[in-house]
Amino acid sequence: MELRQLEYFVAVADQASFTRAARLLHVAQPGVSAQMRQLERELGQELLDRSGRKVRLTPAGSAVLPYARAALDAAGGVRQVADELAELRRGEAAFGMVTGCGGIGVPDLLAAFHGEHPAIEISLVEDASDRLAAAVTGGTLDVALIGRSGPALARLDRQIVIDDALVAAVQPGHPLSDRSAVGLSELAKLPLISLPRGTGLRTALDEACAAAGLQPTIAFEAADPKILAELARRGLGVAILAASMIGDDPGSLHGLEIVRPQLRGRIELVWRASGPISPAARALIAAARRFFDERGLGG
């Protein structure tokens, strides 16, 4: 018994015709008939009733058909596994991250993944959250670390990596440096130093201000949180940063809790919820989820 014979049998059963089955299989009709008779001889049972205008299954054929389908499915699974293993030896995967979040272990993650899959080519893209989310949705990136990015998140699976309060960071000696909190309405009147539009942190600030009917005064924009901190340290304004970015040394910035309302920043790992995903991409997604889970960051 050969898989080819089972394939022909299933095709004839589905099409109820030798001619249509042969057309579907791109083979000559006499070849299909010959293979069916050989299969019936090997099994010692007639599988097909050829007496009418349509080919029908005999009771034996009806009993055999589910097993024939299962055998073909199993063979297809063998091919798929073999293809996936080959893909893991020569595949490509693309990782994205929002600007400034490399400190949460992305180099360690990619190094560990490369150690497990040295033949997979990994590309790394750093960009704003909205563009990263669009790239993952569109398939240009396989997985990314992003902040808030609006409607695109609805089409992505996600895992929380960081959920942190946002603070107003000022230099020592600033008029606010002796306080522990500042209201959003007061903060909006001050010269602010922020990430650009499209980043998760900036989106959180803009949405809160819009909800309160406020127009924030953005004095400086920079894509790197370290530059925001340095500008604030030099007295050029109030930097909007995640609380974890504020250092503990005496000469560091002083962070004030933002209240009425409290603002929070979130970093999430996102990947496509549906659609084709390559074996290399699946391996990278699994490695990233495991990496952040093991460090107590996954949500």
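Residues numbered from 1 in each chain as written. Predicted model: local features only at pLDDT ≥ 70, side-chain atom pairs only at ≥ 80, totals over all residues. Heavy atoms only, no water.

Draft legend 1. Region of interest: the environment of aspartate 224. Structurally, aspartate 224 can be placed in the loop between strand E9 (217–221) and helix H9 (225–233). Given the relative accessible area of 28%, aspartate 224 is considered partly exposed. Taking C-alpha positions, aspartate 224 is 6.2 Å from threonine 99, a pair spaced 125 residues apart along the chain. Residues contacting aspartate 224, with those up to four places away along its chain left out, are Thr99 and Leu195. (Helix = DSSP H or I, 4+ residues; strand = E, 2+ residues; numbered from the N terminus. Buried < 20%, exposed > 50% of the residue type's maximum accessible area, 1.4 Å probe, protein only. Contact = heavy atoms within 4.5 Å.)

Draft legend 2. Quick peek at the nonpolar core. Membership of the largest hydrophobic core comes to 35 residues, with the highest contact counts inside it found for Phe95, Leu145, Leu269 and Phe292. Of all the elements in the fold, those that place two or more residues in this core are strand E3 (92–98), helix H5 (106–116), helix H6 (129–138), strand E5 (143–146), strand E6 (156–170), strand E12 (264–272) and helix H10 (279–294). With 8 residues, the top contributor of residues to this core is H10. (Core = buried A, V, L, I, M, F, W, Y, C linked by side-chain atoms within 4.5 Å.)

Draft legend 3. Representation of the packing of helix H2 (residues 18–25) against helix H3 (residues 29–43). Running from amino to carboxyl end, H2 crosses H3 at an angle of 110 degrees, the nearest separation of the two axes being 8 Å. Taken together, the axes of H2 and H3 lie roughly perpendicular to each other. On H3, the residues touching Phe18, Thr19 and Ala22 of H2 are Gln29, Val32, Ser33 and Met36. Among the residues forming the contact of H2 with H3, the class breakdown is 4 nonpolar, 3 polar and no charged. (Axes fitted to C-alpha atoms, helices over the stretch in contact; angles between N-to-C directions. Parallel < 35°, antiparallel > 145°, perpendicular 65-115°, else oblique. Nonpolar A, V, L, I, M, F, W, Y, C, P; charged D, E, K, R; others polar.)

Draft legend 4. Structural view of the side chain of glutamate 40. Examined against the element boundaries, glutamate 40 turns out to sit in helix H3. By relative accessible area, glutamate 40 is classed as buried at 7%. Here leucine 47 takes part through its backbone nitrogen, which lies 2.8 Å from a polar atom of the side chain of glutamate 40. A polar contact is formed between the side chain of glutamate 40 and the side chain of arginine 50, at a distance of 3.0 Å. (Polar contact = N/O pair within 3.5 Å; in protein donor to acceptor, adjacent residues only side chain to side chain.)

Draft legend 5. Seen up close, the packing of aromatic side chains. According to the stated counting rule, one finds 1 aromatic pair in the structure shown. With 5.1 Å between their ring centres and 90 degrees between their planes, phenylalanine 291 and phenylalanine 292 make a pair best called edge-to-face. Taken individually, phenylalanine 291 and phenylalanine 292 each receive the classification buried, so the pair is uniform in this respect. (Phe/Tyr/Trp six-rings, centres within 6.5 Å; stacked < 30°, edge-to-face > 60°.)

Draft legend 6. Representation of H10 in the model. When the terminal C-alpha atoms of H10 are compared, their 22 Å separation across 16 residues agrees well with the 22 Å that a helix rising 1.5 Å per residue should span. Inspection of H10 places Pro279, Ala280, Ala281, Ala283, Leu284, Ile285, Ala287, Ala288, Phe291 and Phe292 among the buried residues, and these make up the whole buried set. (Expected span 1.5 Å × (residues − 1).)

Draft legend 7. Here's a closer look at the packing of helix H1 (residues 3–15) against H3. Contact geometry for H1 and H3: axes closest at 9 Å, N-to-C directions at 110 degrees. As judged from the angle between their axes, H1 and H3 are roughly perpendicular. Residue-level contacts link Arg4, Gln5, Leu6, Tyr8, Phe9 and Val12 of H1 to Gly31, Val32, Gln35, Met36, Gln38, Leu39 and Glu42 of H3. For the contact of H1 with H3, the residue count by class is 7 nonpolar, 4 polar and 2 charged.

Draft legend 8. Examining unusual backbone geometry more closely. That bond from arginine 260 to proline 261 is cis: its omega, -5 degrees, falls within 30 degrees of zero. Notably, alanine 16 is not glycine yet its phi reads approximately 55 degrees, a positive angle. Tracing the chain through its elements places alanine 16 in the loop between H1 and H2. Here the phi dihedral of arginine 260 falls at roughly 55 degrees; this positive angle occurs in a residue that is not glycine. The class of arginine 260 is exposed, set by a relative accessible area of 66%.

Draft legend 9. Expanded view of the pairing of strand E8 (residues 191–194). The pairing of E8 with E9 spans 4 bridges and is classified as parallel. In the strand pairing of E9, serine 194 is matched with glutamate 221. For the handedness criterion, the β-α-β arrangement of E8, helix H8 (residues 200–211) and E9 is classed as right-handed. Here 2 bridges tie E8 to strand E10 (residues 238–242), and the two strands are oriented parallel to one another. For leucine 192, the partnering residue across the bridge sits in E10 and is valine 238. (Pairing = 2+ DSSP bridges. Right-handed = clockwise from strand over helix to strand, strands pointing away.)

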